[in-house]
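Chain by chain, the residues run as shown.
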Amino acid sequence: AQKITQTQPGMFVQEKEAVTLDCTYDTSDPSYGLFWYKQPSSGEMIFLIYQGSYDQQNATEGRYSLNFQKARKSANLVISASQLGDSAMYFCAMRVITGYSTLTFGKGTMLLVSP
Amino acid sequence: GAGVSQSPSNKVTEKGKDVELRCDPISGHTALYWYRQSLGQGLEFLIYFQGNSAPDKSGLPSDRFSAERTGGSVSTLTIQRTQQEDSAVYLCASSFTRDTNTGELFFGEGSRLTVL
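This is a predicted model, so every value here is computed, not measured.

Student: Explain the interface of chain B and chain A residue by residue, including any values.
Tutor: Note: interface size is frequently given as the accessible area lost on complex formation between the parts. Contact with chain B, which involves 20 residues of that partner, is made by 18 residues of chain A. At the boundary of chain B with chain A, total buried surface from both sides reaches about 1600 Å², with 61% on carbon and sulfur atoms. Inspection of the region where chain B meets chain A yields zero salt bridges. Linking chain B with chain A are three residue pairs in polar contact (both at pLDDT 80 or more), by the criterion used here. Where the side of chain B that touches chain A is concerned, the elements lending two or more residues are strand S4 (31-37) and strand S5 (44-50) of chain B. Broken down by class, the residue content of the side of chain B that touches chain A amounts to eight nonpolar, eight polar and four charged.

Student: Give a description of the pattern of salt bridges that names residues and reports values.
Tutor: Side chains that differ in sign of charge can pair as their charged atoms come close. All names here are of chain B. Counted according to the given criterion, the structure contains five salt bridges over all chains. For Glu44, the salt bridge is made with Arg36, and the minimal N-O distance between the two is 3.0 Å. Overall, the relative accessible area of 33% leaves Glu44 in the partly exposed class.

Student: Help me get a handle on unusual backbone geometry, residues and values and all.
Tutor: With an omega of -10°, the peptide bond between Ser7 of chain B and Pro8 of chain B qualifies as cis. With respect to the helices, strands and loops of the structure, Pro8 of chain B is situated in the loop between strand S1 (5-7) and strand S2 (10-13). Positive phi outside glycine occurs at Lys16 of chain A, with the angle close to 80°. Tracing the chain through its elements places Lys16 of chain A in the loop between strand S2 (10-14) and strand S3 (19-21). With relative accessibility at 70%, the residue Lys16 of chain A sits in the exposed group. Positive phi values are uncommon outside glycine, yet Ala81 of chain A reaches one of about 45°.

Definitions and cut-offs
- Residues numbered from 1 in each chain as written.
- Chains lettered and ligands numbered in written order.
- Predicted model: local features only at pLDDT ≥ 70, side-chain atom pairs only at ≥ 80, totals over all residues.
- Heavy atoms only, no water.
- Contact = heavy atoms within 4.5 Å.
- Buried area = accessible area lost by both parts, 1.4 Å probe.
- Salt bridge = Lys/Arg side-chain N within 4 Å of Asp/Glu carboxyl O.
- Polar contact = N/O pair within 3.5 Å; in protein donor to acceptor, adjacent residues only side chain to side chain.
- Helix = DSSP H or I, 4+ residues; strand = E, 2+ residues; numbered from the N terminus.
- Nonpolar A, V, L, I, M, F, W, Y, C, P; charged D, E, K, R; others polar.
- Buried < 20%, exposed > 50% of the residue type's maximum accessible area, 1.4 Å probe, protein only.

Structure (structure tokens):
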């Protein structure tokens with residue numbers, strides 16, 4: 001079974017600074033995908049970035065990048081140049097690719113960006 | 001519509017009553033998921049449908065919870081004899097899942113259930 005751990009219940013960052021949100025995972029399957037979602041106070045779930053276990057390079061999407069360290073089983077999200085609109089709950093998730101499986105979520109990290 | 005549609009958006013019910021929550025996934029998406037999110041908490045997996053395969057019901061918290069997906073499209077989550085601890089936002093998501101695809105989930109806006 002898959003497990004996702006997000007050890008930071010809350011993080012604070014000043015506007016324009018970078019912030020790293022931690023995520024570690026556990027699976028015995030060699031083929032998997034890692035996801036980050038953002039959930040603002042409005043409640044919608046917004047997909048941010050994806051990293052496949054066989055991808056050679058770290059995924060990047062605009063100001064979001066994923067620091068993928070396979071040996072450590074970590075998939076930290078880095079947000080560069082934080083904006084006030086980045087204040088939200090952030091969830092790390094994973095899915096085993098072989099066969100069909102569900103997306104397992106971590107408990108989330110609340111990010112607050114201050115002016 | 002283009003996105004995942006859920007109804008009702010809000011439901012207030014009395015303890016002991018049955019409720020039905022509906023999810024209309026994105027057309028063509030083969031996978032459909034139900035999650036539950038209690039206030040300030042993460043997403044708790046409930047049930048997963050993939051094409052014509054038997055659903056993965058491993059996340060359903062009790063036999064009061066059931067779900068079906070008719071014709072591979074619309075899904076209904078039913079909670080019988082509701083309890084106060086069932087109060088939560090119920091999120092539905094769909095994806096076009098293949099081995100070579102990211103299988104990104106597209107979420108609906110959720111159905112907020114309040115049991116008095």
